[in-house]
Amino acid sequence: AFSWNSLLQALVRARKHRQACDVFRSRLVPACKPDACTYNIVISGFSNAGDIPSALKILEEMKTAGLPPDAFTFNPIIAAQCKAGDLEAATQQFRTMSCSPNVATYTILIGAYCRKSRLDEACQLLSEMRGRGCIPNSITYNVLVDSLCKTGNVDMAQELVTRMIGEGCPPNVVTFNALINGYCKAAKPDDARRLLKLMVTKGIQPDVVTYSTIISGLCKSGRVQEARELLDEMNRAGCRPNAFTYGAIVHGLCRLDKLQEAQEVLHRMEESGCVPDVVIYSSVIHALCKAGRLQDAQQLLRRMRAQRKAPDVVTYNAMIDGLCKLGRLHEALQMLEQMDGAGCAPDVVSYSIIVNGLCKSSKLEEARLVLEKMRGAGCNPDVVTYSSLVDGLSKLGRLDEAREVLEEMKRASCAPN
RNA sequence: UUCACUAGGUGAUCGGCA
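The paragraphs below set out a description of the structure included in this document. (Residues numbered from 1 in each chain as written. Chains lettered and ligands numbered in written order. Predicted model: local features only at pLDDT ≥ 70, side-chain atom pairs only at ≥ 80, totals over all residues. Heavy atoms only, no water.)

What to know about the nonpolar core
Nonpolar side chains tend to gather and get buried jointly when the protein is soluble and globular. Among the nonpolar cores identified, the biggest contains 121 residues, and Val145, Leu179, Ile215, Ile285 and Ile320 are the most heavily contacted of them. In terms of residue count, the dominant contributor to this core is helix 17 (residues 278-290) (seven residues). With residues up to four places along the chain from it excluded, the contact list for Ile320 reads Ala332, Met335, Leu336, Met339, Ile353 and Ile354. (Core = buried A, V, L, I, M, F, W, Y, C linked by side-chain atoms within 4.5 Å. Buried < 20%, exposed > 50% of the residue type's maximum accessible area, 1.4 Å probe, protein only. Helix = DSSP H or I, 4+ residues; strand = E, 2+ residues; numbered from the N terminus. Contact = heavy atoms within 4.5 Å.)

A look at the side chain of Thr140
Tracing the backbone through its elements, the reader meets Thr140 in helix 9 (residues 138-150). Assessed through its relative accessible area of 1%, Thr140 is described here as buried. Side-chain polar atoms of Thr140 contact the side chain of Asn137, separated by 3.0 Å. With sequence-adjacent residues up to four places away left out, Thr140 is seen in contact with Val103, Thr107, Ile110 and Leu126. (Polar contact = N/O pair within 3.5 Å; in protein donor to acceptor, adjacent residues only side chain to side chain.)

Quick notes on the protein's contact with RNA strand B
Around RNA strand B lies a shell of 63 residues, among which Asn5, Asn40, Asn75, Ser282 and Ser352 are the nearest. Backbone atoms, meaning sugar and phosphate, form 43% of the atoms of RNA strand B found within 4 Å of the protein. A distance of 2.7 Å separates a base oxygen of RNA strand B from a polar atom in the side chain of Asn177. A distance of 3.5 Å separates a base nitrogen of RNA strand B from a polar backbone atom of Val278. At seven residues, helix 17 tops the list of elements feeding residues into the surface near RNA strand B. (Near = heavy atom within 4 Å.)

A word on the side chain of Thr73
Mapped onto the fold, Thr73 is located in helix 5 (residues 71-83). For Thr73, the side chain forms a polar contact with the side chain of Asn40, separated by 2.6 Å.

Quick look at the packing of helix 5 against helix 7 (residues 103-115)
At a minimum axis separation of 9 Å, helix 5 and helix 7 run at an interaxial angle of 5°. In this view, helix 5 runs roughly parallel relative to helix 7, as classed from their interaxial angle. Of the residues in helix 7, those touching helix 5 at Ala71, Asn75, Ile78, Ala79 and Cys82 are Ala104, Thr105, Ile108, Leu109 and Ala112. (Axes fitted to C-alpha atoms, helices over the stretch in contact; angles between N-to-C directions. Parallel < 35°, antiparallel > 145°, perpendicular 65-115°, else oblique.)

Here we look at the pattern of salt bridges
Tallied over the full model, the rule gives 29 salt bridges. In this structure, Asp146 engages Lys150 in a salt bridge whose closest nitrogen and oxygen atoms are separated by 2.8 Å. On the criterion of helical spacing, the pair formed by Asp146 and Lys150 is a turn pair, its members being four residues apart in helix 9. The residue Lys290 makes a salt bridge to Asp321 at a minimum N-O spacing of 3.0 Å. One end of the pair, Lys290, is in helix 17; the other, Asp321, is in helix 19 (residues 313-325), with 31 residues separating them in the sequence. (Salt bridge = Lys/Arg side-chain N within 4 Å of Asp/Glu carboxyl O.)

If you want it as structure tokens, here you go:
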């Protein structure tokens, strides 16, 4: 079982879920019975892929096989339910599970409540875990810091960090990175830089995440030159930039309409053997599309394919939007089919782009059909999809129908914003 | 051999500033 578990784990890590499932299902060696670890690995695989029903099915099989599930079994399921936004199901699972929760269980739930700005419940869980002798560790605190930052409570996060030492969990590089990201997202890159200096004085080495985060923050504030200087600085400090680092720079240049320079960075990467990844290509493709340079975008798409980099849903969406904005709806629909055929399932953004394009061309009936089509593909319209429709109808003076769409949203429990 | 933490790319509307 030990060896098979290692193989399964490797497959799950490589996101080869089908193969992992095949290995598990075939029970390749009859003499080798799956143990609790085996089940945990498979359950974790399904959970991470967002397939909660399958995870629950394996959980039942595990019980049937007489193996008692533990926290390692339930944690990935609870995490997946949280990620899907279903805190009620996660909490239900947590309250009814047949084993004791561990620090990870509490950390998952605390982070989820925090990210939904349900701070009271997060605090309740924090004191509950302490009461049960479950001591929050540095990951717990880091999750708190990060989710506070992501909900716009950077000051609260900063305050928590100052208290961490007293709690026996001094801030580490992840803590600082989370906080630095908070300041960057709050458009305060100077505070981020201040923290970079501070962490060094505390003996904590900045890593590639630290630098990439600040570089991205500077770029988002339009300070690409400073970002490039920081890139030099990180090189001098012996920290090798990675795809995130270059991605931030390239995107920053694109946002400033410095498409020429962005493509130069791209070329330099290609030549230096450091092949740009799908994110970097998509970033430039998006910018080219926004500039109406569909030809150039298509050429870059070909170049990325030549580099054996497969376009993903974001790449296609950028292209589809570019086509729509030029009124080339037919080609946009073709590309939607093309991505599907290439094994890249269109998502709610893909369909929304098309819906918006059709609405802008006053093709409301066709837009309606796309809504049906996406539902049929198991992809529910979201608030943006509906907004395009409401806007299209309103601008044509078809206000009654627009109101009807609002009702439809309500029925689909999609809250208007 | 199995669980929880940090960084880059895509869609609507409206408003402010230029």
